[in-house]
Amino acid sequence: MATLGRLLSVSMHRVGAVCTLRATLHRNMSAYTFESLAVTTPREHVMQVEMNRPEKRNAMNRAFWTEMVDCFQAIAAEQDVRAVVVTGAGKIFTAGLDLTDTMGTLFVEGADVPRKAMKLRHVIRRFQDTFSVIEKCPKPVIAAVHSACVGGGVDLITACDIRLCTQDAWFQIKEVDIGLAADVGTLQRFPKVIGNDSLARELAFTARRFEAEEAKQMGLVSRVYPDRAAMLDGALDLASLIASKSPIAVHGSKVSLVYSRDHSVREGLDHVALWNSTMLQSKDVAEAVQAGIEKRKPEFSKL
């Protein structure tokens, strides 16, 4: 009877926690009203951020470049969110930069070239923040790509932690075809993601389109699904699995992976040693061990 009582108590606690989580997220969703994005909570502890301009092939307009920053800064502060899935509404993932809407921001008035350059550099840096904010987000971000992922779409997904796609997905580093070098993350992240400098240069110099099979072979994506529905289910299942782990441990893993990518092995080891000198004192460690002994699902507090 004592065991039954304990199980009932744990079950009621879990039900109460889920209800509280849903109520909290419902209250907070008012902060996620955007022109270019649709934000939902399809699973417990999981948010879905969807580029939501299907009639424009999810082209990245002026609103998008600021709303992504606002969105992911808000998600970073959400204590109950542990993983994020990024998708595109409609027939394709994204056509990249909305030239008709954003090109005006790239033309700076004035006669003095250095002053014009300083203003333009500020604009470019703001555009870079749109995707760097994903990398800085403490929650793992999964990109789920269907059909076309062009130009800025490659910048976006290379800032994500995990990339999935459909069999009909295709990718293109498009910028040289419109007379510019990619400047918001692809040239910096893509070579490190695929680990093949020669191929990265080929794709950047030629704007050659490549399909899902090649994307998986080169390491850009980790899984390929038959269609969008199957991919979304897979992405949400993966996000839920991540969300079931200690948020302290997952956060630390992401921080260490990003840091180690840009530093030597020795520096990375020093960094994670310093990080874990604090984080190993988390009660999540004891909870994970105890749950393993008791053969139950661990319960971790919100961040």
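Residues numbered from 1 in each chain as written. Predicted model: local features only at pLDDT ≥ 70, side-chain atom pairs only at ≥ 80, totals over all residues. Heavy atoms only, no water.

There is a patch of nonpolar side chains on the surface, built from L280, V285, V289 and I293 and spanning about 380 Å² of accessible area. Mapped onto the elements, L280 comes out in the loop between α11 (265-279) and α12 (283-294). (Patch = residues over 30% accessible without salt bridge, like charges linked within 9 Å, V, L, I, M, F, W, Y side chains within 5 Å. Areas by Shrake-Rupley, 256 points an atom, 1.4 Å probe, with all protein chains shown as cover. Salt bridge = Lys/Arg side-chain N within 4 Å of Asp/Glu carboxyl O. Helix = DSSP H or I, 4+ residues; strand = E, 2+ residues; numbered from the N terminus.)

Strand order in the open sheet formed by six strands is β1-β2-β3-β4-β6-β9, with mixed pairing between adjacent strands. Two strands lie at the open edges of the sheet, namely β1 (37-43) and β9 (223-225), each paired on one side alone. Mean inter-strand twist for the sheet, computed between neighbouring axes without regard to direction, equals 25°. The sheet contact formed by strand β2 (residues 46-51) and strand β3 (residues 83-88) spans six bridges and is parallel. Counted as the bridge partner of V46 is A83 from β3. (Pairing = 2+ DSSP bridges. Axes fitted to C-alpha atoms, helices over the stretch in contact; angles between N-to-C directions.)

Next up on the list: the nonpolar core. Core analysis: the largest hydrophobic core is formed by 50 residues, its most contacted members being F72, I75, I134, L156, F171, F190 and L220. Broken down by element, this core gets its largest block of residues, six residues, from helix α2 (residues 62-76). In this structure, F171 is in contact with V145, C149, I157, C165, R208, R209, F210, A212, A215, L220 and V221, ignoring residues within four places of it in sequence. The next biggest cluster of nonpolar side chains, apart from the first, holds 16 residues, and it includes A83, L164, A243 and V250. (Core = buried A, V, L, I, M, F, W, Y, C linked by side-chain atoms within 4.5 Å. Buried < 20%, exposed > 50% of the residue type's maximum accessible area, 1.4 Å probe, protein only. Contact = heavy atoms within 4.5 Å.)

This brings us to the pattern of salt bridges. Summed over the entire model, instances satisfying the criterion amount to 17 salt bridges. Two residues, R53 and D98, come together in a salt bridge whose shortest N-O distance is 3.1 Å. Taken together, the residues span a long stretch of sequence, with R53 in the loop between β2 and α2 and D98 in the loop between β3 and α3 (99-102) at a distance of 45 residues. For the pair R53 and D98, one class covers both residues: buried. For R261, the salt bridge is made with D262, and the minimal N-O distance between the two is 2.9 Å. The exposure class of R261 is partly exposed, given its relative accessible area of 32%.

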